[in-house]
Amino acid sequence: MKRRTFIQYSSGGALAAFMPAMPLYMYPEEHRFGVAEASYMMRWNGKLQSTAYPAFTGALDMINHCASLGFGGVQVGIRNWDAALATDIRNQAESLGMFLEGQIRLPKDTQDLVRFEKEVKGARLAGIDVIRTACLSGRRYETFETLNTFLDFRKSSVASLELAEPVMRRHRVKLAVENHKDWRIEEMIDILKTLDSEWIGVTLDTGNNISLLEDPMEVVTALAPYAYSVHLKDMGVTEYEDGFLMSEVNLGTGYLDIEQMIKIIKKHQPEIRFNLEMITRDPLKIPCLTEKYWATFDEIPARELAAYLHDIRSQKSIQPLPVVSGLDTDEQLAAEVENNRISLTYAKENLGFR
């Protein structure tokens, strides 16, 4: 990892049908740079009403907006796509030269499989061959009060993935489970080995596991062999009284060695697609000096925590981490667009994307 000067953001202002499996060396490297739905978290939820920055009402809105900025693809939620809409989404993405990846909620039980398979079918019809998912919508250290409740969550997560696997296999679509502030490296790899399916792999997020006290480069190195998709992000950190704060920051302005991460991932997965995940929000609190944080961890030695906090101190951002809660609605929404634009420009100028 290396430090770069932190630059504070400005508040202004398809894929074709699934191809038969080929050896990795026959795939051309994917140079288009996509963007994940979470990069427009404020634009999607509709809680911030704005004439200048209207909420996205569906995938087509996001596709058109991201194309206008110059993104080469999108990773978007599959919600109520009938055959006509899925076809329109596919045609629009293809006309713009953009790739598509999906995003889906895992089936809770056998009854929920009807919804899940319908969404997978819609994605397949739209030309999508990789769908991102997550086992936990929140954060491990905030969600669970005891180790037993976390272990119950692990059991139910594996059960959901076991329900999903035959659907993915049947429709020949890969399910990419994000390391979403839930699983540490060994836990995630253990789950993947338990499932043992070519149709279930990883959406490799380059920054999330900082919150679980894991070195980002070690996370990338360990999970790259299992990766089907990437959430590429840079991160800023600083200390606070209960632990440390962390923020997604514009590419090139944080402390992650993004170039080396890309090389490691492409070495294992030359054909993989990268999606920016630049979430515009206040810094997240990682309260690793509180008792509750440790409720679900039973094997992390104190010396590892000490070493990690030492690294956080050595990598802390020169400038304050960005805070958006004090901005008015249009300023927050403008910042969201600007952050994505700045990171896209950096990716094209410095990381080999187009």
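Note that the structure is a prediction, hence the values are computed from the model and not measured. (Residues numbered from 1 in each chain as written. Predicted model: local features only at pLDDT ≥ 70, side-chain atom pairs only at ≥ 80, totals over all residues. Heavy atoms only, no water.)

*Asks:* Explain the environment of Tyr 141 to me, using residue names and the numbers behind them.
*Replies:* Looking at where Tyr 141 falls in the secondary structure, it is placed in helix H5 (residues 140-143). In this structure Tyr 141 comes out as buried when scored by relative accessible area, which is 2%. Distance from Tyr 141 to Arg 281, taken between C-alpha atoms, is 19 Å for residues 140 residues apart in sequence. Ignoring sequence-local partners within four residues, the contact set of Tyr 141 consists of Lys 181, Ser 211, Leu 212, Lys 285, Ile 286, Pro 287, Lys 292 and Tyr 293. (Helix = DSSP H or I, 4+ residues; strand = E, 2+ residues; numbered from the N terminus. Buried < 20%, exposed > 50% of the residue type's maximum accessible area, 1.4 Å probe, protein only. Contact = heavy atoms within 4.5 Å.)

*Asks:* Please set out helix H9 (residues 258-268) residue by residue, giving values where relevant.
*Replies:* All of the buried residues along H9 are Ile 258, Met 261, Ile 262, Ile 264, Ile 265 and Lys 266. Where H9 is buried, its residues contact strand S6 (200-205), helix H8 (216-223), strand S7 (227-232), strand S8 (234-240) and strand S10 (274-276).

*Asks:* Report on the pairing of strand S9 (residues 243-249), specifying residues and quantitative values.
*Replies:* With seven of seven residues buried, S9 is to be regarded as a mostly interior element. Here S8 runs beside S9; their pairing, made up of seven bridges, is antiparallel. For Gly 236, the partnering residue across the bridge sits in S9 and is Ser 247. Joining the antiparallel neighbours S8 and S9 is a turn of two residues. Here three bridges tie S9 to strand S11 (residues 284-286), and the two strands are oriented antiparallel to one another. Along S11, the bridge assignment pairs Met 246 with Leu 284. (Pairing = 2+ DSSP bridges.)

*Asks:* Please provide a residue-by-residue account of helix H7 (residues 185-195), values included.
*Replies:* Residues Ile 185, Met 188, Ile 189, Ile 191, Leu 192 and Leu 195 constitute the buried set of H7. Along the axis of H7, the buried positions cluster into a sector of 155°, meaning they face one direction only. When the buried face of H7 is taken as reference, the exposed residues oriented beyond 90 degrees from it are Glu 186 and Lys 193. Downstream of H7 by one or two residues, Asp 196 has phi in the positive range, about 50°. (Arc of directions from axis to C-beta.)

*Asks:* Report on the packing of H8 against H9, specifying residues and quantitative values.
*Replies:* Packing of H8 against H9 brings their axes to within 9 Å, and their N-to-C directions diverge by 15°. The angle between the axes of H8 and H9 places the two elements in the roughly parallel class. Where H8 crosses over H9, the two elements pack in a sense that is right-handed. For the pair H8 and H9, contact is made by Pro 216, Met 217, Val 220 and Thr 221 and by Gln 260, Met 261, Ile 264 and Ile 265, respectively. Looking at the contact of H8 with H9 residue by residue, the classes come out as six nonpolar, two polar and no charged. (Axes fitted to C-alpha atoms, helices over the stretch in contact; angles between N-to-C directions. Parallel < 35°, antiparallel > 145°, perpendicular 65-115°, else oblique. Left-handed = near helix turned anticlockwise from the far one by under 90°. Nonpolar A, V, L, I, M, F, W, Y, C, P; charged D, E, K, R; others polar.)

*Asks:* Account for the sheet that holds S9, naming residues and giving values.
*Replies:* Whenever strands of a sheet pair, they do so through backbone hydrogen bonds, lying parallel or antiparallel. With respect to topology, three strands assemble into an open sheet ordered S8-S9-S11, the strand pairing being antiparallel. Each of the sheet's edge strands pairs with one partner strand only, and the pair in question is S8 and S11. Within the sheet, the average angular offset between the axes of one strand and its neighbour, ignoring direction, is 30°. Contacts from helix H10 (residues 302-315) reach S8 and S9 within the one sheet, and its direction differs from that of S8 by about 110°.

*Asks:* So what's going on with the pattern of salt bridges? Residues and values would help.
*Replies:* Think of it this way: side chains of opposite charge can pair up when their charged atoms draw near. Tallied over the entire structure, the rule returns 22 salt bridges. Salt-bridge contacts for Arg 115 lead to Asp 112; the nearest nitrogen and oxygen are separated by 2.6 Å. Accessibility classification places Arg 115 together with Asp 112 in one group, the buried group. Close ionic contact of Glu 178 with Arg 132 constitutes a salt bridge, the shortest N to O distance being 2.6 Å. Residue Glu 178 is found in strand S5 (residues 174-178), and its partner Arg 132 is found in strand S4 (residues 130-133); the two are separated by 46 residues along the sequence. Arg 132 carries the same exposure label as Glu 178, and that label is buried. Taken together, the shared-partner salt bridges connect Asp 205, Lys 233, Glu 248, Glu 277 and Arg 281 into one network. (Salt bridge = Lys/Arg side-chain N within 4 Å of Asp/Glu carboxyl O.)

*Asks:* Outline the environment of Arg 341, supporting the account with residue identities and numerical values.
*Replies:* Mapped onto the secondary structure, Arg 341 falls in helix H11 (residues 329-350). Only 2.6 Å separates the side chain of Arg 341 from the side chain of Glu 338, close enough to count as a polar contact. (Polar contact = N/O pair within 3.5 Å; in protein donor to acceptor, adjacent residues only side chain to side chain.)

*Asks:* Quick one: what's the story with the sheet that holds S5, residue by residue and with numbers?
*Replies:* The eight strands lie next to each other as S1-S2-S3-S4-S5-S6-S7-S10, forming a closed barrel whose pairing is parallel. Taking each pair of neighbouring strands and ignoring which way they run, the sheet shows an average axis angle of 30°. In this structure, strand S3 (residues 99-103) lies alongside S4, joined through two bridges in parallel fashion. The residue of S4 that forms the bridge with Gly 102 is Ile 131. H11 rests against strand S1 (33-36) and S10 of the sheet, and its axis sits at about 155° to S1.

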